[in-house]
Amino acid sequence: MADLVGQVAIVTGASRGIGRAVARKLAAQGATVVCTGRNREALEETVSMISAAGGAAEWVSFDVSDGVAARETVREVHQRHGRVDILVNNAGITRDQIFVRMKPEEWRDVLSVDLDGVFHVTQPAAKIMMRQRSGRIVNISSVIGMMGNAGQANYAAAKAALIGLTKSLARELGSRNITVNAIAPGYIETEMTAALTDAQKETLLTALAIPRLGTVEDVAEAVSFLVGPGGSYVTGVVLNVSGGLYI
Ligand code: NDP
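Notes on the structure in this doc start here. No experiment lies behind these values; they were computed from the predicted model shown.

Reading guide: rules and limits
- Residues numbered from 1 in each chain as written.
- Predicted model: local features only at pLDDT ≥ 70, side-chain atom pairs only at ≥ 80, totals over all residues.
- Heavy atoms only, no water.
- Core = buried A, V, L, I, M, F, W, Y, C linked by side-chain atoms within 4.5 Å.
- Buried < 20%, exposed > 50% of the residue type's maximum accessible area, 1.4 Å probe, protein only.
- Helix = DSSP H or I, 4+ residues; strand = E, 2+ residues; numbered from the N terminus.
- Contact = heavy atoms within 4.5 Å.
- Pairing = 2+ DSSP bridges.
- Right-handed = clockwise from strand over helix to strand, strands pointing away.

Our next topic: the nonpolar core. In this structure, I10, L87, V121, I137, L173 and V180 are the most contacted members of the largest nonpolar core, which totals 34 residues. Mapped by element, the contributors of at least two residues to this core are β1 (8-12), α3 (67-81), α4 (104-132), α6 (153-173) and β6 (178-185). At 10 residues, α4 tops the list of elements feeding residues into this core. Beyond its immediate chain neighbours, meaning those up to four positions away, V180 contacts I137, N139, T166, L169, A170, L173, T235, G236 and V237. Listed in part, the 30 residues of the second largest apolar core include A9, A14, V88 and V219.

For the rest of this paragraph, the subject is the pairing of strand β5 (residues 135-140). Of all six residues that make up β5, six are buried, and the element is covered over most of its length. Every second residue of β5 is oriented toward a common face, with G135, I137 and N139 on one face and R136, V138 and I140 on the other, all of them buried. Where strand β4 (residues 86-89) lies against β5, four bridges are found, and the strand directions are parallel. Residue pairing across strands places N89 opposite N139, the latter belonging to β5. You can see the chain leave β4, run along α4 and come back into β5, and the turn it takes is right-handed. Where β5 meets β6, six bridges bridge the pair, whose relative direction is parallel. Its bridge partner lying in β6, G135 is registered against I178.

Pasting the structure below:
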């Protein structure tokens, strides 16, 4: 389906995992995808994959916790392409620790990337979209933001905050033809969840309505719906892609 031809998409955290799959999916739908992250080699690899499949992509390396770099990157993308149609805020980290032992830097690091990072990239992008009078923003939250999880107070706080941000922005930007939605993945097989032991995976499967871990493509399909023509009247929602881990 070439329903995103002529559109420019920025995907943060596109160097691997869910972000890479989202970038590949949007490019396959015809968007020109700006793949961002910190690891230059991995970003180049994402772009090569997209080019090999006949898609259009480029990469820009910056740290989303750096507000100046984020603003500058969005500005440059806009200058180069004349528009920013889609923003997928996907970059994220975990620093798991039980709360009473959590170091201030473990708290701060997660909030800086998973929440401040979204502010840094979205604000300049939203200004461009407002002038365009069109845009789609998708924030990758997590079911943990709604369920909580022992050992992930920092991550759950950041991901819950993203949901509040999503709903507020949906209200602020709707009149400018901009939709803002969140996706809450459950457990998706990526480097982030690779540390789970087989025993932990077994226990997890019993909590799922659909007894398998999710794939990065499962999440990419949901993003594709929200940014595509079918998603034009959907805003302010949290779409769970969790196999029923959270219902
Ligand atoms: P990965 O760890 O596989 O990838 C994370 C991505 O984020 C990488 O591309 C990384 O790029 C980028 N990133 C991390 N820190 C920064 C930073 N400071 N600046 C810029 N980019 C950064 O994670 P997943 O693909 O699994 O997760 C993607 C998103 O989905 C995250 O927001 C995560 O919280 C969320 N999620 C994942 C779930 C899962 O089960 N996997 C479940 C629920 C939510 P680089 O290293 O190049 O900087």
